[in-house]
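Read off the chains here:
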Amino acid sequence: MSLPTKYDTIVIGAGAAGLAAAKRLQAAGQNVLVVEARDRIGGRIHTDYDFAPHPVELGAEFVHGQVLTRQLAEQYELELMPVLADDRNYLHQARGLKKLNDYTSPAELAMRDVLQSNGSKIWDWADAWFEQKQPDTSVAAMVEARGIAFSPEITQIVSHTYSADYGVYWEDLGVYGLVENTYEGDGCDEFRLGAGYSALIDRFATALNIQLNTVVQQIEWDSTVKVITNDTVLTADRVVITLPLALLQHQTVQFTPTLPAWKQQSIDSLGLSHIIKIILKFDAPFWPENWEQCHTYLDTQLWWRSGYGFTNEAPVVTAFIGAAACDSIRTMGETGAAAIGVTHLEEIFGLNLRDRLVAAKLVDWQADPYAQMGYSYTPVGGTGMREQLARSIDDRLFFAGEAASVLRPASVHGAIETGFAAAEQILQGRSTTTA
Ligand SMILES: Cc1cc2nc3c(=O)[nH]c(=O)nc-3n(C[C@H](O)[C@H](O)[C@H](O)COP(=O)(O)OP(=O)(O)OC[C@H]3O[C@@H](n4cnc5c(N)ncnc54)[C@H](O)[C@@H]3O)c2cc1C
């Protein structure tokens, strides 16, 4: 054991939230240490620079609109490539692959509206549901209660759209959560970072004091805070905890004394989504030139070109799969997941692709010991819990991370905002709650 070392603030986790907290505190003159279990920073942001000639995202992939991450990219002069435009978006049903814009009958337009993740009528219906004081229920139940019904295949596709956005089917997503987590002002534009998401996070972390390969095992917080790691004991006036929600739910880190009941309640009341990515490289492109992404009724749910926009784009596609389909496919391992991916692509494009696969990667965030999840979602009855999760305890324990974002959970920019907010609480001496 090395000798205890004292800091003003220790930040646990070098993901987006932890780096943001550390950055703000360090800029204010604090002596800050970030401790990170992995041998890299970024957490659920992780770019692979080897799989293809261009970056391939294993975790966070897109900058969602006019958001903080877009401002950071512009500040760091990192290229933002517009992606996922509507006119390159397709839908795959049993009868084939068709451009989303070509669904134009009244029933199809209703379906297209529901498929929009942002700006859909579902948000208005959720607001109305809330204002009419109808009890919180699932998004699927609310839509059904409005007398709206789709064919089983379209219902499957809609569910897959929600699963891509939230990591869960709409049967599990709370209506009040939609009202609470508004993503207000973000807009609908989507961008890919030309240098990869990790490049943004590397720039963001410049000049921070970060100790990698340091796994926090225990936090003692009865007076001065002690952070007990795999090889050292560190002390500080306070800690900012940015552990993923799953690690808090699974009590991977021991708190002494234990967390108060209200804090544990907030941790246990939010949902953990499950997400995998299957990333497949082929010998040559096989898709129509203007195809960039499609939702499918098949279990692989959502496919896109991993390198759309790069001049050196390789024939690589990503399947983004959440919820129960994720849980069943992830058990098949990389070879099995790749095989099912190829089979589904064959069905989607009506081609024989079996002998054309060059390389495959399965990214299973649940199996990652320092994530154990995709991202958080707000289940029925879960509103108010994110604000409660973000509250500090006794001016010693501060919390940040995507799950603590009320307005923008499950996003990089939301996570950064929570890190800044925790730092502001510390700097202004505003501990919100005592134990
Ligand atoms: C597959 C996938 C796709 C996504 N796509 C997008 C997207 O396109 N756009 C977008 O905006 N967002 C996306 N997100 C969400 C986004 O990645 C997260 O919301 C955000 O990165 C979370 O940041 P965080 O700091 O809260 O948590 P994390 O990034 O998980 O950081 C927590 C850190 O704590 C560390 N840690 C864990 N345990 C310990 C321990 N015991 N001791 C020390 N350190 C520990 C972890 O290693 C990690 O570095 C995606 C997420 C996933 C999983």
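- As named in an unreviewed UniProt entry, the chain is FAD-dependent oxidoreductase, taken from Romeriopsis navalis LEGE 11480.

## Comments concerning the site of the ligand
- As a matter of local geometry, the ligand sits amid 39 residues, with E36, R38, R44, F62 and V412 nearest to it.
- A16 is positioned such that a nitrogen or oxygen atom in its backbone is 3.2 Å from an oxygen atom of the ligand.
- Within the side chain of R38, one N or O atom sits 2.8 Å away from an oxygen atom of the ligand.
- Out of a free accessible area of 1,000 Å², the ligand has 98% covered by protein chains.
- The set of elements that each furnish at least two residues to the shell around the ligand consists of α1 (16–27), β5 (62–64) and α14 (412–427).
- Among the residues making up the shell around the ligand, the classes are represented as 23 nonpolar, eleven polar and five charged.

## Notes on the pattern of salt bridges
- Evaluation of the coordinates by the stated rule reveals 18 salt bridges.
- Between D237 and K6 there is a salt bridge, and its shortest N-O distance comes to 2.9 Å. Here the residue D237 occupies a position in strand β13 (residues 232–241), and K6 occupies one in strand β1 (residues 2–12), the gap between them amounting to 231 residues.
- Shared partners join several salt bridges into a network, and the residues in it are E36, R38 and D368.

## Topic: the packing of aromatic side chains
- With the rule as written, the count across this model stands at eleven aromatic pairs.
- Ring geometry for F62 against W304: centres 5.0 Å apart, planes inclined by 70°, an arrangement best described as edge-to-face. On the criterion of sequence distance, the pair formed by F62 in strand β5 and W304 in strand β18 (residues 302–305) is long-range, its members being 242 residues apart. Accessibility classification places F62 together with W304 in one group, the buried group.
- Within the aromatic cluster, the residues linked to one another by ring pairs are F282, F286, W287, W291 and F349.

## A word on the sheet that holds strand β6 (residues 80–83)
- The strand order β5-β9-β6 describes an open sheet built from three strands, whose pairing is antiparallel. Looking at the sheet topology across the chains shown, the edges are occupied by β5 and β6. Across the sheet, the axes of successive neighbouring strands diverge by a mean angle of 40°, strand direction being ignored.
- Where β5 meets strand β9 (residues 190–193), three bridges bridge the pair, whose relative direction is antiparallel. Bridge assignment links H64 to a residue of β9, and that residue is E190.
- Docked against the sheet, helix α2 (residues 68–75) engages β5, β6 and β9, running at close to 140° with respect to β6.

## Structural notes on the sheet that holds strand β17 (residues 293–296)
- One open sheet accounts for seven strands, arranged β8-β7-β17-β18-β19-β16-β20; its pairing is mixed. At either margin of the open sheet sits one strand with a lone partner, and together these are β8 (96–99) and β20 (357–364). Strand-to-strand twist across the sheet, computed as the mean angle between neighbouring axes with direction ignored, equals 20°.
- Sheet topology places β17 next to β18; three bridges connect them, and they run antiparallel. Directly across from H295, in β18, lies its bridge partner L302.

What counts, and at which threshold
Residues numbered from 1 in each chain as written. Predicted model: local features only at pLDDT ≥ 70, side-chain atom pairs only at ≥ 80, totals over all residues. Heavy atoms only, no water. Near = heavy atom within 4 Å. Polar contact = N/O pair within 3.5 Å; in protein donor to acceptor, adjacent residues only side chain to side chain. Areas by Shrake-Rupley, 256 points an atom, 1.4 Å probe, with all protein chains shown as cover. Helix = DSSP H or I, 4+ residues; strand = E, 2+ residues; numbered from the N terminus. Nonpolar A, V, L, I, M, F, W, Y, C, P; charged D, E, K, R; others polar. Salt bridge = Lys/Arg side-chain N within 4 Å of Asp/Glu carboxyl O. Phe/Tyr/Trp six-rings, centres within 6.5 Å; stacked < 30°, edge-to-face > 60°. Buried < 20%, exposed > 50% of the residue type's maximum accessible area, 1.4 Å probe, protein only. Pairing = 2+ DSSP bridges. Axes fitted to C-alpha atoms, helices over the stretch in contact; angles between N-to-C directions. Contact = heavy atoms within 4.5 Å.

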